[in-house]
Amino acid sequence: MLNLKFNPAISWLGLISVLATGQATANCYTPNQMATAGALGSLYRSLYKNIDFPPGIGIDPPYQYPIDQPFPTPIGTGNNYDYECDSSLLQSITPDQVFAMGSLATRVNGGKITQPSDYFGLKPGQKMGSGAGDADFPPLSFWSKIDSDFGSTGTTVSESGYDFNNHNFMFGADYRLLDNWVAGGSFAYRHNTAEFDAGRGETTNDTYTGTIYTAYNITDAAYVNASASYGGFSYDTRRNITFFGDTATPQTSTAKATPDGGQYAFSWGGGYDFRHHGLTVSPYARGEYMNLDIDAYSESGSDLAMRFGEQNIESLISTVGVQTNYVFSFPWGVLIPQLRGEWHHQFMDGRRQLETGFVNDSSNQTFTLASDGATRDYYTFGAEVSSVFQGGISAFLAYETLQGYSAVNSNKLMLGARLEF
């Protein structure tokens, strides 16, 4: 074995040598890790201009380390370090957490856009039963809703896994323009948190969204609805990085950033209610389009901080579903349990590519990261119980789960109330 004093060039450029000369296997390093490693030489040339490189290692690719001999081990790490099989250093540096920002909006909740006009199944002109809730509804309604998403995504070849919690607070009002036509608007605040596996940091997001919506009954059974929304958001990202700098001891740092952006969305759909006494079976179809822009930004707080180009994410989803409910009438109002199943197909959101570089690289070298592709077909299933009380007060509690989406486990709880005047 070579008997060399520890030098940061050994721990990093030795690794880069293996990658550049094709000694690494795809089973060890992911494409994103390989892309990140390709820019490390330029970064270290910028950070350590006076570094004492070992013989045979150049500071410009290709790096010519004698790969037929074991690489020196950094001081204090014990046995020889096998650069061909251990990807932990590159995993820490590779910023694949960046893709969580778009996935939180378009994937972990199935890409669904909330439709406030039909939270309670109260379509314009619809009677609920023979109890107190069967009275004609007043024209003006105020409502509010809280929902929480929770779950996790698995670590894949292209992206880091994370646990997420999303909380959405929404309130709105609508007006019955005609017996069969309702229009209204809402405002929502949403807070998202993603905590990455292996202590790699977290991403939080605050979003503020305004929505207008309408629902129209063509007949007593057939209906259509639509919504349009626009929102702005801000992220707080933290990446925990472990690396060897100019000492033999692993260094830790946190790269931080606060990028901003905006999104707009549209939804449209319709359905038909088949009723038999208290039972209603409603097949329906819906389309949802979302356009999400995340501004270009740079991290700070670490020698290995990154800069990222602008991200633009488009999602177009078709949904075909069926909902069934049964109305139980009581002297105090009505109780409506519901079950729902939906099939979704994603047309647009796909494998995303993002231009990236090290902030401290004076040569401004860039490389490209790539995300996973979207799952094209997946499903959501839900159960809900709604109540309509005397005086135009209604409330609901619902649960929904996402199924069939690759590497995503997602669940949602919803609670809401409506007051009509």
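Everything numeric in this text was worked out from a predicted model, so none of it was measured.

Quick word on the sheet that holds strand β16 (residues 366–370)
As summarised here, the arrangement of the 4 strands in space is β10-β11-β15-β16, forming an open sheet in which the pairing is antiparallel. Single-partner strands in this sheet number two, and they are β10 (297–298) and β16. Relative to strand β11 (residues 306–308), β10 is paired through 2 bridges, and the arrangement is antiparallel. Across the sheet, the residue bridging to Ser298 is Arg307, located in β11.

Notes on the nonpolar core
If you look at the biggest cluster of nonpolar residues, it comprises 33 residues, and the most contacted ones within it are Leu40, Val98, Leu304 and Phe358. For this core, the leading source of residues is strand β5 (residues 222–243), giving 4 residues. In contact with Phe358, other than residues within four places in its own chain, are Thr36, Ala39, Leu40, Leu43, Ile93, Leu304, Ala305, Met306, Arg307, Gln365 and Phe367. Of all hydrophobic cores here, the second largest spans 7 residues; its members include Val108, Phe164, Ala194 and Phe196.

Side note on a nonpolar patch on the surface
Nonpolar side chains collect at one region of the surface, where Tyr272, Phe274, Leu279, Val281, Val322, Tyr326, Phe328, Phe330, Trp332, Phe389, Ile393 and Leu419 lie side by side and expose about 1,000 Å² of accessible area between them. Of all elements in the fold, only β9 (279–294), β12 (311–326) and β13 (328–330) reach the threshold of two or more residues within the nonpolar patch. Examined against the element boundaries, Leu419 turns out to sit in strand β19 (residues 408–420). For Leu419, a relative accessible area of 34% puts it in the partly exposed group.

A short note on the packing of aromatic side chains
In the structure shown here, the tally under the stated rule is 17 aromatic pairs. Between the aromatic rings of Tyr264 and Tyr289, the centroid separation amounts to 6.3 Å while the plane-to-plane angle is 45 degrees, which identifies the pairing as tilted. With a gap of 25 residues between them, Tyr264 in strand β7 (residues 260–272) and Tyr289 in strand β9 connect regions that are remote in the sequence. In textbook terms, an aromatic cluster arises when at least three aromatic residues are bridged by ring pairs, as seen for Tyr162, Phe164 and Phe196.

Comments concerning the confidence of the model for the chain
Regions with low pLDDT carry predicted coordinates that are not meant to be interpreted in detail. Per-residue pLDDT for the chain averages 81, and the proportion of residues at 70 or more is 76%. Low pLDDT, under 50, characterises residues 1–10; the predicted model gives this stretch 33 contacts beyond four residues in sequence or across chains. Segment residues 53–84 is flagged for pLDDT under 50; beyond a separation of four residues in sequence, or across chains, it makes 65 contacts in the model.

Remarks on unusual backbone geometry
Trans is the prevailing form of peptide bonds, just as negative phi is the prevailing case for residues other than glycine. With a phi close to 60 degrees, Ala198 is a non-glycine residue in the positive phi region. Topologically, Ala198 is positioned in the loop between β3 (181–196) and β4 (201–217). Accessibility expressed as a relative area gives 73% for Ala198, which makes it exposed. Phi angles above zero are rare outside glycine, and His277 is one such case at about 55 degrees.

A closer look at the pattern of salt bridges
Under the criterion given, the structure shown has 14 salt bridges. Between Glu342 and Arg340 there is a salt bridge, with its nearest N and O atoms 4.0 Å apart. Of the two residues, Glu342 and Arg340, both sit in the buried class. Note that Arg340 and Glu400 form a salt bridge whose closest N and O atoms lie 2.8 Å from each other. Here Glu400 lies in strand β18 (residues 393–403) and Arg340 lies in strand β14 (residues 333–346), a separation of 60 residues in the sequence. For the pair Arg340 and Glu400, one class covers both residues: buried. Where salt bridges share partners, they join Lys145, Asp147, Asp149, Arg190 and Lys412 into one cluster.

Some thoughts on the environment of Gly321
By the element assignment, Gly321 lies in strand β12. Residue Gly321 is classed as buried on the basis of its relative accessible area, which comes to 9%. Between the alpha carbons of Gly321 and Trp343 there is a distance of 6.2 Å; along the sequence they are 22 residues apart. Setting aside residues no more than four positions away along its own chain, Gly321 makes contact with Ser282, Pro283, Tyr284, Gly341 and Glu342.

The rules we used
Residues numbered from 1 in each chain as written. Predicted model: local features only at pLDDT ≥ 70, side-chain atom pairs only at ≥ 80, totals over all residues. Heavy atoms only, no water. Pairing = 2+ DSSP bridges. Helix = DSSP H or I, 4+ residues; strand = E, 2+ residues; numbered from the N terminus. Core = buried A, V, L, I, M, F, W, Y, C linked by side-chain atoms within 4.5 Å. Buried < 20%, exposed > 50% of the residue type's maximum accessible area, 1.4 Å probe, protein only. Contact = heavy atoms within 4.5 Å. Patch = residues over 30% accessible without salt bridge, like charges linked within 9 Å, V, L, I, M, F, W, Y side chains within 5 Å. Areas by Shrake-Rupley, 256 points an atom, 1.4 Å probe, with all protein chains shown as cover. Salt bridge = Lys/Arg side-chain N within 4 Å of Asp/Glu carboxyl O. Phe/Tyr/Trp six-rings, centres within 6.5 Å; stacked < 30°, edge-to-face > 60°. pLDDT = per-residue confidence, 0-100.

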